[in-house]
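# Coordinate inspection notes
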Amino acid sequence: MFAGILAGITWALETLILGVALAMPPFVSTEQAVFLAPFVSTFVHDFFSAVWACLYNGVRGNLKQVGKALGTRSGKFVILAAVIGGPVGMTGYVLSINHMGASVGAVASAAFPAIGAVLAYFFLKEKMRWYRWILLIVTLLGVYGLSYSPEIHITNFWLGFVGTLMCAFGWGIEAVILAKSMQDPEVTDEIALQIRQTTSAVLYGLVLLPVLGGWKFTVSLLTGGTGWLIPVIAAAAFFATVSYLFYYKAISRIGASKAMALNVSYAAWAIVFTVVLFRDTGVLNPVTILCALTVLVCGILTAADYRDFLKKG
């Protein structure tokens, strides 16, 4: 449970740092740059995250096990989870941040534990009681309600909302697949992370960027003297890697639903860090606070059956 909470804290930092990168001139200089920003930034982000994970696993002596895990059925399912959680989920997450702001995007995408609970019901046959369905609907209404905050600048709510849905479903499906895959002793949480981030970066580099015509823009970022942009994205990728390590550990130890419920705390931490680090009090208004609490509380209750805690108590 402590790992799940740390995953939320470090992901909140990743969110804010990535938001800073997306606001830098190279990503807002032209219409093409604005369009390509979510895809290019995610590729660079996941590439650096794969490098950080490789350095970590290299120090831990896990790299040989990565190749062995890829030959297993569970390892192949981790690749599938990477495709869904990376190009689909992460792109949606960046779209959400880009068009709704870092704080609102973080809270909005926090709906993924609710989606994950629904997917677990259908694909893993986990029971979902009637009140959890109601909480799921309330969670999504809270996400929609975030658009009515009078103090927060949302550039395109519908694009941000589409990104939120991509993120919620992508990460929800990913967590369910990973929970099943990491039951295999050959696929530990650290190895699963290496496979996930490497697969995502390769897919972006070999498929999405060529299709979107984004390689020229990407190369210009990497070689064109963009100041602090690349180091900022690399820093965001570092915190993302740390967050994933804690998150995957939580999934392997306590299961997908509980891990998602704990990880969702990043939405609240993002608001706290926004106020403390950036002195941005625009997020502190009744509408945003109420909607954020609605998403957090109802999302957690949807993903975790409180009666289990009462029985243990």
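This write-up is about the structure you can find in this document. What you see is a predicted model; the values in this text were computed from it and never measured.

Okay, the overall build of the protein chain next. Within the protein chain one finds 16 helices and zero strands. In the protein chain, which comprises 313 residues, the proportion classed as buried is 55%. Contacts in the protein chain between residues far apart in sequence, at least 24 positions, make up 84% of those at least 6 positions apart.

Looking now at the environment of His99. Among the secondary structure elements, His99 is positioned in helix α5 (residues 73-100). For His99, a relative accessible area of 11% translates into the label buried. For the pair His99 and Gly163, spaced 64 residues apart in sequence, the C-alpha separation works out to 8.9 Å.

Bringing helix α7 (residues 112-123) into the picture now. The terminal C-alpha atoms of α7, which comprises twelve residues, lie 16 Å apart, in line with the 16 Å expected from a rise of 1.5 Å per residue. Most of α7 sits inside the fold, with nine of its twelve residues counted as buried. What α7 keeps buried is the set Phe112, Pro113, Ala114, Ile115, Gly116, Ala117, Val118, Leu119 and Ala120.

The next point concerns the pattern of salt bridges. What the rule picks out here adds up to four salt bridges. Close ionic contact of Glu174 with Arg196 constitutes a salt bridge, the shortest N to O distance being 2.7 Å. Of this pair, Glu174 sits in helix α9 (residues 157-181) while Arg196 sits in helix α10 (residues 189-212), and the two are 22 residues apart along the sequence. A relative accessible area of 2% places Glu174 in the buried class. Relative accessible area serves as the criterion here: at 0%, Arg196 is assigned to the buried category. Here Asp189 makes a salt bridge to Lys249, at a shortest N to O gap of 3.6 Å. Here the residue Asp189 occupies a position in helix α10, and Lys249 occupies one in helix α12 (residues 229-254), the gap between them amounting to 60 residues. Under the relative-accessibility criterion, Lys249 is labelled partly exposed at 26%. Here the salt bridges share partners, and the residues they tie into one network are Asp46, Glu174 and Arg196.

Bringing the side chain of His45 into the picture now. Along the chain, the position of His45 falls in helix α3 (residues 31-60). By relative accessible area, which is 0% here, His45 ends up buried. A distance of 2.8 Å separates the side chain of His45 from the side chain of Glu14, its partner in a polar contact. Look past the residues within four positions of His45 in its chain and what remains in contact with it is Glu14, Leu18, Met90, Ile233, Ala236, Ala237 and Ala240.

We now examine the environment of Cys54. Position of Cys54 relative to the elements: it lies in helix α3. The sequence separation of Cys54 and Thr198 amounts to 144 residues, and the corresponding C-alpha distance is 9.0 Å. Setting aside its immediate chain neighbours within four residues, Cys54 contacts Leu63 and Gln194.

On to the packing of aromatic side chains. A complete count under the given rule lists 13 aromatic pairs for this structure. Between Phe27 and Phe217, the aromatic rings sit 6.1 Å apart at their centres with planes inclined by 65°, giving edge-to-face as the arrangement. Taken together, the positions of Phe27 in helix α2 (residues 25-28) and Phe217 in helix α11 (residues 215-223) put the pair 190 residues apart, joining distant regions of the chain. The same class applies to Phe27 as to Phe217, namely buried. Relative to Tyr248, the ring of Tyr247 lies with its centre 6.1 Å away and its plane at 55°, an arrangement referred to as tilted. Residues Tyr247 and Tyr248 agree in their burial class; the two are buried. Within the aromatic cluster, the residues linked to one another by ring pairs are Trp11, Trp171, Tyr244, Tyr247 and Tyr248.

Cut-offs used in this document
- Sequence order as written defines residue numbering, which begins from 1 separately in each chain.
- Reporting in this predicted model follows two pLDDT cut-offs: at least 70 for local features of residues, and 80 or more for side-chain atom pairs to be given and counted; totals over whole chains, interfaces and linings ignore these cut-offs and use all residues.
- The side-chain values count all of the structure's non-hydrogen atoms but skip hydrogen atoms and water molecules.
- Helix numbering and strand numbering both begin at the N terminus, where a helix is a DSSP run of H or I of at least 4 residues and a strand a DSSP run of E of at least 2.
- Three exposure classes are used, based on accessible area relative to the maximum for each residue type with a 1.4 Å probe and protein chains only: buried under 20%, partly exposed in between, and exposed over 50%.
- The criterion used for residue contact is that any of the two residues' heavy atoms lie within 4.5 Å.
- In this scheme, a helix's expected span is set at 1.5 Å multiplied by one less than its residue total.
- The salt bridge criterion pairs a side-chain nitrogen of Lys or Arg with a carboxyl oxygen of Asp or Glu, the two atoms within 4 Å.
- Here a polar contact means two N or O atoms within 3.5 Å. Within protein one must be a hydrogen donor candidate and the other an acceptor candidate, and residues neighboring in sequence count only if both atoms are side-chain atoms.
- For Phe, Tyr and Trp, rings pair up if their centres lie within 6.5 Å, where Trp contributes its six-membered ring, and each pair is then called stacked (planes under 30 degrees apart), edge-to-face (over 60) or tilted (otherwise).

Geometric values such as these leave the question of function open.
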